Each structure stands twice: as C-alpha cells, then as structure tokens.
Amino acid sequence: MTRTVITACPLDCPDACTLAVDVEGEAIGGERIVRIDAAPATDSNPLTDGWICAKVRRSTRRVHSPERILTPLRRTGPKGSGAFEPISWDDALELVATEIRSAITEHGPAAVVPFLYNSSAPTFSDRLMVRLFAELGTSEVAHTICAYTAAIAWHSTFPNMASADPLDVAHSDLVVIWGANPSTSNTHLTPLLTEARGRGAAVVVIDPRRTPTAARADRHLAVRPGTDDVLALATAAELDRLGLVDRSFCDVNAEGTDELLAAARAWTPSTAAEVCGVDASAITELAELVGTRRPGLLRLGWGMERNRNGGSGIRAALGLWVLAGQFGRPGSGVVTSTSSAAEDDTLDDLPDAPPRARTLNMNRIGHDLAHADPPVAVLIVQGANPAVSAPDQQAVLAGLAREDLFTVVHDQVMTDTAAFADVVLPATTYFEQGDDVAVGYTSYAASPLRRVIAPVGESRTNGEVAAGLAAALGVDGYHPVQVPPPPLPERAVPTRPQGTVQFGPVGEPGTTRPDGGRARLALGAGSDPVPTHRPVDSPFPLTLITPASSRQINSMFGEYDPPPAQISVSPEDASARGVLDGADVRVFNDLATLVLPARIDPSVRPGVVSIPKGLWRKHLPGGLTANALTPAEVEHTIGGSVFHDARVDIAPA
Ligand SMILES: Nc1nc2c(c(=O)[nH]1)N[C@H]1C(S)=C(S)[C@@H](COP(=O)(O)OP(=O)(O)OC[C@H]3O[C@@H](n4cnc5c(=O)[nH]c(N)nc54)[C@H](O)[C@@H]3O)O[C@H]1N2
Ligand SMILES: Nc1nc2c(c(=O)[nH]1)N[C@H]1C(S)=C(S)[C@@H](COP(=O)(O)OP(=O)(O)OC[C@H]3O[C@@H](n4cnc5c(=O)[nH]c(N)nc54)[C@H](O)[C@@H]3O)O[C@H]1N2
Ligand code: SF4
Ligand SMILES: [Mo]
C-alpha cells in the first residue's frame, strides 16, 4: 500500500516547494519513501507550479542511505579518522553534559561554542537549541557566512522594508538579475523569466559567468567580481547624464540623492569599463534600460555579497534602482530575501538570560579554534558542515583536530565535520519530523511540514537533542517537542498579500516602505558614507569564485551526487598558461595548493576561475576543497564572507 503525505521542503533554497511524498511499507522500521515530487497546485506554494528540482526528487537516497548515522557514536580512533563505536543516547548526552560542565568550570561559559546554523532544517527546529545556549550564557556564533552583508546593506538602505514578491515578474517590462544564478539556485524563477521575455520584457544578467540564465537573457554584463559598485555608480552617472533620474520620486522617497550622484560622477562609462571589464557602451545601454523600461524589477542575489567590496556593490545597485524611481507598482522594486518578514523572536521569552559570553564570526572559526581566549573547549555543531563550508579550510581542519577540543556533531550522515567529532548524534531528516513549516527566503509562502515516516534508526530532531541535553545539564523547562510555532497552516499560505508593492501610495494595503518612509542612499552601515570601491592588491592574478551547483544544497547530498570536481577556466587564461581541457592543474595561493582537472569553459570571463561549492574532502586528492583557497577575511564595510573573492593562480600539474 502506498500512501502520500503532503509536506514541504525546508532546504536552504529560496523556493520552499510544497511536496507530495509517497511511502510504502509498515510503520515499524519498514517504511520507505519511494517517491518525492511536487504537491498538487491546490496544496502548493504557487511558486512550486507542479514541479520540483531533480536533487530533491533524488533525495530518497539521503533518507535511506548506507551513509545514514543510525545511533549515537563515540570516537575510538584519532580525530578525523572516522573510527567510532555506537553508544546509547543516555551515555552520549551524559558525556556531552559532563564536558560542557567541566569547560565552564575551567574556562567559563565562553569556552562552550554552539556552532548552530540549520539553514536546511525546518524553520522552528533550531529554537530550543539556541535558547538553551542563550540560557547558559555561552559564546554564540554569528551567522555571517551567508546573506549577512546583503541583509545589512539592505537594511541600511531600506530599514525594515520588505522584498518585492518574485511572482511580480509577471508584470515587469525589465528584469535585472544581479549576482544571482536562478537557473541553479532559485529554479522556479526561471520559467517566470522565460514568460516575461516571451511577452517582450528585457532581461539583463550581471554575472562574471555566462550562466544558463545569462545565456537566455537579452543582455549579459560579464562583470569582474567585486566591481559591481563601480558598474552601478557609472550607470547612475549615465542615468543622470541622460536626464533619466526620477527626481520627483527621489525628492519624496530618498535621502542622499545628491551625495550618491556626486560619487557616481567620479566614473564615466570608459573609466568604469576598464575596472569592470565590460564594454563602455553596455553601461550606457544599461542606464537607458533602467531609466526607460517600466516597471523594472531588480533580483539581487548573494553572489555579489561574497566579496570584499560586496556591501558597496549591493548599496550602489539599490541606489541605482532608487535613482531610476523603479518602485511603486507591481513588477517594479527589488526582490531579495523575503525572510525579514518572519523575524526570529526566539529569545524574547528569556528575560533572565545572562548576556552571551562573546560573539564569534562564523567566517573566523578556523582562527578562533586556534587562538580564541578563553579557548574553545567544547564545540557543538548542528546543521552545519564547517570542515568544508567555512573559509580557510586548513585552519578549520587543524582546529577540529585539536586533542584538547571536545566536538559534538548532530547530523544525518557522516560529514567531513562529523568525522572529527568526539560524539556524533544522529539527526532526523525533515521527512521524519512534523509540526513545523517551510518558509522560502525568496517567496512569500509558508507550507506546513509534516512527519512522513518514523525517525530512521535512533535519529532525533534538533528539538529533542536540545531537550535531552537540557535534562542532562539539569536545566528545566525543555520538552522533547518542537517549540510550537504560531498555529500551523493547513496548506501552503501566502505570507504577504499578493502584489506587494514597495513605496506604493502611503496607507494602501500591500504597500511596504522603509521606516521613516525614505531610502537612505548615503547613510549606509559600515565605514563608507557612500558606496566606495577599494581595489584589492594581490600577487595572484585570477579571482576564484565558488558558486552553487545544481546537484547539492551547499554540501548536502555530496555523499552520493557531487558535481564534477573540476575548475572552470576561460580559454584565454588556459592558453596563456598552457592549460589543456581535462588535464590536471595546480590551483594555488598563499593558503593552499589543490590539484584538479581543468575544464576550458568559455562561459567564465577571463580573469575568473570557478569551482563548485560544497564538495567533500573525498572528492579531491589531498582531502582539501575550494575552501582551502578562500581567505577568512571579511567584507570590508559589513563583515560577511568573501567566498567569491579568493585570489589564485593556476599552472599545469
Ligand atoms: N542547487 C542549489 N541551490 C542553492 C544552493 C546550492 O548549493 N545548490 N545554495 C543555496 C544557498 S545557501 C544560497 S545562499 C543561494 C545562493 O544563490 P545565489 O544568490 O545564486 O548565489 P551564488 O551561487 O553564490 O552566486 C550567484 C552568481 O553570482 C555570480 N557572482 C560571483 N561573484 C560575483 C560578483 O562579484 N558580482 C556579480 N554580479 N556576480 C557574482 C556567480 O558567478 C553566480 O553565478 O542558493 C541557494 N540555493
Ligand atoms: N567556497 C564557498 N563556500 C561556501 C559558500 C560559497 O558560495 N563558496 N556558500 C556559503 C553559504 S551560502 C552557506 S549558506 C554556507 C552553508 O554552510 P553549512 O550550513 O555548513 O551547509 P551544509 O554544508 O549544507 O551543512 C548543513 C548540514 O546540516 C545537516 N542538516 C540538514 N538538516 C538538518 C537538521 O534538521 N538537523 C541537523 N542536526 N542537521 C541537519 C546537513 O546534513 C548538512 O551536513 O556555506 C558557505 N560556504
Ligand atoms: S531544493 Fe528548492 S527547488 Fe528543490 S524542492 Fe527544495 S525548495 Fe524546491
Ligand atoms: Mo547560503
């Protein structure tokens, strides 16, 4: 007998699809998920539109996998060797609690570091764990690794204004996709873009790679990574020269228009073209399109934030959209993260919690494992895989190998991070827990998340682990259920009124505005009053970017379906170095050297090389991945990650 359960996908993807999952077999240990597909339209987030991505259709292979961790494990061999023996949950939690207590006695609560990310877990599932460590007053690890620079740049420009609705593409006459790759990482936007082009809208992509989205666009500006601020400022200056700045919109809705235009006038199309590596005429054309094609929608991705100049790039692009007055009706505005609409109030009910002992930057975990004072004595990793996802991988691996560090990892499979743990705890997949929701971060819908099968093996949810750990530590008030979210919807529901409009008429329903009603073009957070470009001086001539691949979500599913472990090189850079298609190259900088096959790929611009993010250590000889080459530096005004700003060179191996 097959039964079908309607649930939702909470993975770290903007789309938040509603799913129909078929199950066969008996409840006691014999249940198997046999099919994962889209839910019928009546139950669905409208963005799902009756189909889901191939990686999730294939993901029964993660649920029922020989790689699943089935019981708690205790390390029996050297750190990183992957040698473990099964232990009971009681023994595992007692061991962890003992280590937490002794770290606090010896070094204070700062020595306990919960590395909790959970961006692919159900929305509310991390709450109890966050709350427990807040109550203990330990260190916290700030989520600077993704969407941090973009969020702060956005909020400094538009305090508390919500994203436009991506479904509004249906009304747009212009769509600019800036630093995003929807064909891979927001696939449900792709058919909307095709439809828009079909009815005559212009689509422009700004990306150092000719992605499938760029290949189908009307214009592709293959910008040099980290020069988006210059491109946006030069386009703003052209907009001004052409008389296309929407002064009446700016007078009412913006502060700092003249400061921004003054900064923009430092650039002409030809000086900017030199820096950005695009044609001067393309900048003038972009200004004409942005100034005349209305309504125009800007889809801002996370590609451009992961750069030392990322915050300036995002603020300049937002400023350009304001100068053009591209707001106020459906199909205009900026689509970015919609998740600020669901602010996290997890800690609101902890008035007596002590202040956190310290806040660590997620990008600096390798450095902090070696140098933090007081030291990191206990590291609790949940919903994250820093051994491959964090920058400066060799520092992270050296930190995880420290004999005096006690590491706990709660995960579904034996990841590269779990292999370094002292105690591994088996985690449920989202098919094995219910009472939660999936909320996309570029989609205005919440879909109920239901339990589809019983937990595989002895796996437990994040909430159950928090409750078990609280009990072992003698902390009251934690129950082995999810913190109940606000009443769960019966089916997918819109979380904002359809057709939300940014800067629509004051007081109209569905209108969103920044606090104070005005955009701040010259008052950003960070050290630069207006977006300012800072060139990076490096002896390594190529910029390595490491974007999302279609097979994985970050490192998830790498155990069975990784993208090819190869480096894409432009024909120009390959021939200048005698690099042949398919032959091994050395990729090197002052942090590390990798050896992997080159793919000569005309879709990457000269000066740029690309390796997919999320590969596992076993996928490359030497056990290092692209993050061995990415610096643990941070964006220079805001402090987010700079994954797409590694400087390297390559040579035939
Ligand atoms: N299939 C799949 N989907 C995913 C993920 C995944 O791993 N796989 N990851 C999820 C997560 S966690 C996130 S945050 C999102 C990320 O999704 P996106 O926002 O698409 O971010 P990236 O893939 O990092 O980069 C997007 C594009 O930016 C380009 N880029 C790099 N540097 C620059 C630059 O300096 N300027 C400009 N203009 N462009 C640049 C890259 O070439 C790339 O094509 O995707 C989510 N969705
Ligand atoms: N070079 C490079 N590195 C990057 C990026 C890049 O563009 N380039 N992108 C960055 C980005 S955008 C992000 S978001 C980070 C992501 O970094 P990470 O959060 O480290 O992402 P993952 O590698 O997918 O690790 C998530 C882990 O959580 C586990 N998991 C999933 N669901 C649950 C659950 O319900 N409970 C528990 N306990 N575990 C669960 C998964 O099995 C997986 O091992 O990586 C960053 N790293
Ligand atoms: S990963 Fe994204 S596209 Fe795939 S099913 Fe989940 S929400 Fe949909
Ligand atoms: Mo991310």
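Residues numbered from 1 in each chain as written. Chains lettered and ligands numbered in written order. Predicted model: local features only at pLDDT ≥ 70, side-chain atom pairs only at ≥ 80, totals over all residues. Heavy atoms only, no water.

1. Describing the overall build of the protein chain
Of the regular secondary structure elements, the protein chain holds 19 helices and 29 strands. The C-alpha radius of gyration computed for the protein chain amounts to 24 Å, which stays within 12% of the reference 26 Å derived for 653 residues, consistent with globular compactness. Expressed as lengths along the three principal axes of its C-alpha atoms, the size of the protein chain is roughly 70 × 55 × 50 Å. Going through the 653 residues of the protein chain one by one, you find that 60% of them count as buried. Counting only contacts in the protein chain whose residues sit at least 6 apart along the sequence, the fraction spanning at least 24 positions is 76%. When the accessible surface of the protein chain is split by element, carbon and sulfur atoms take 52% of a total near 23,700 Å². Looking at the protein chain, you have 54 positive and 76 negative side-chain charges, and the mean spots of the two groups are 4 Å apart. (Helix = DSSP H or I, 4+ residues; strand = E, 2+ residues; numbered from the N terminus. Rg over C-alpha atoms; globule rule 2.2 N^0.38 Å. Buried < 20%, exposed > 50% of the residue type's maximum accessible area, 1.4 Å probe, protein only. Contact = heavy atoms within 4.5 Å. Areas by Shrake-Rupley, 256 points an atom, 1.4 Å probe, with all protein chains shown as cover. Lys, Arg positive; Asp, Glu negative; His and termini not counted. Charge placed at Lys NZ, Arg CZ, Asp CG, Glu CD.)

2. Regarding helix α4 (residues 127-136)
In terms of burial, α4 is largely enclosed, as seven of its ten residues are buried. Inspection of α4 places R127, L128, M129, R131, L132, F133 and A134 among the buried residues, and these make up the whole buried set. Here the buried face of α4 lies against α3 (89-107), β6 (112-116), β15 (378-382) and α18 (462-473). Once α4 ends, the next one or two residues include G137, with phi positive near 70°.

3. Notes on the domain arrangement of the protein chain
For the protein chain, the domain assignment lists domain 1 (73-143 + 343-427 + 459-473), domain 2 (149-336) and domain 3 (542-652). Using only C-alpha atoms to locate each centre, domain 2 and domain 3 end up separated by 27 Å. On the domain 3 side, the residues contacting the 23 residues of domain 2 number 26 residues. Of all residues in domain 2, the largest losses of buried area upon contact with domain 3 belong to R209, R306 and R308, amounting jointly to 41% of the total for that side. Inspection of the region where domain 2 meets domain 3 yields two salt bridges. The salt bridge involving E633 is made with R308; its shortest N-O contact spans 2.9 Å. Our enumeration of links across domain 2 and domain 3 arrives at eleven residue pairs in polar contact (both at pLDDT 80 or more). Of all elements in the fold, only α5 (148-157), α6 (182-185) and α14 (310-323) reach the threshold of two or more residues within the side of domain 2 that touches domain 3. The residue makeup of the side of domain 2 that touches domain 3, split by class, is seven nonpolar, ten polar and six charged. (Domains from an automatic or database assignment. Buried area = accessible area lost by both parts, 1.4 Å probe. Salt bridge = Lys/Arg side-chain N within 4 Å of Asp/Glu carboxyl O. Polar contact = N/O pair within 3.5 Å; in protein donor to acceptor, adjacent residues only side chain to side chain. Nonpolar A, V, L, I, M, F, W, Y, C, P; charged D, E, K, R; others polar.)

4. Quick notes on the site of ligand 3
Close to ligand 3 lie C9, C13, D15, A16, C17, I52, C53, K55, V56, T187 and H188. Of the residues contributing to the shell around ligand 3, the split by class is seven nonpolar, two polar and two charged. (Near = heavy atom within 4 Å.)

5. Description of the site of ligand 2
Close to ligand 2 lie 28 residues; R62, N385, D411, S555 and N627 are nearest. Within the side chain of N462, a nitrogen or oxygen atom sits 2.9 Å from a nitrogen atom of ligand 2. Contact with the protein chains removes 97% of the 910 Å² of surface that ligand 2 exposes when unbound. Looking at the shell around ligand 2 residue by residue, the class counts come to eight nonpolar, 15 polar and five charged. Counting only domains with at least three residues in the shell around ligand 2, you end up with domain 1 (73-143 + 343-427 + 459-473) and domain 3 (542-652).

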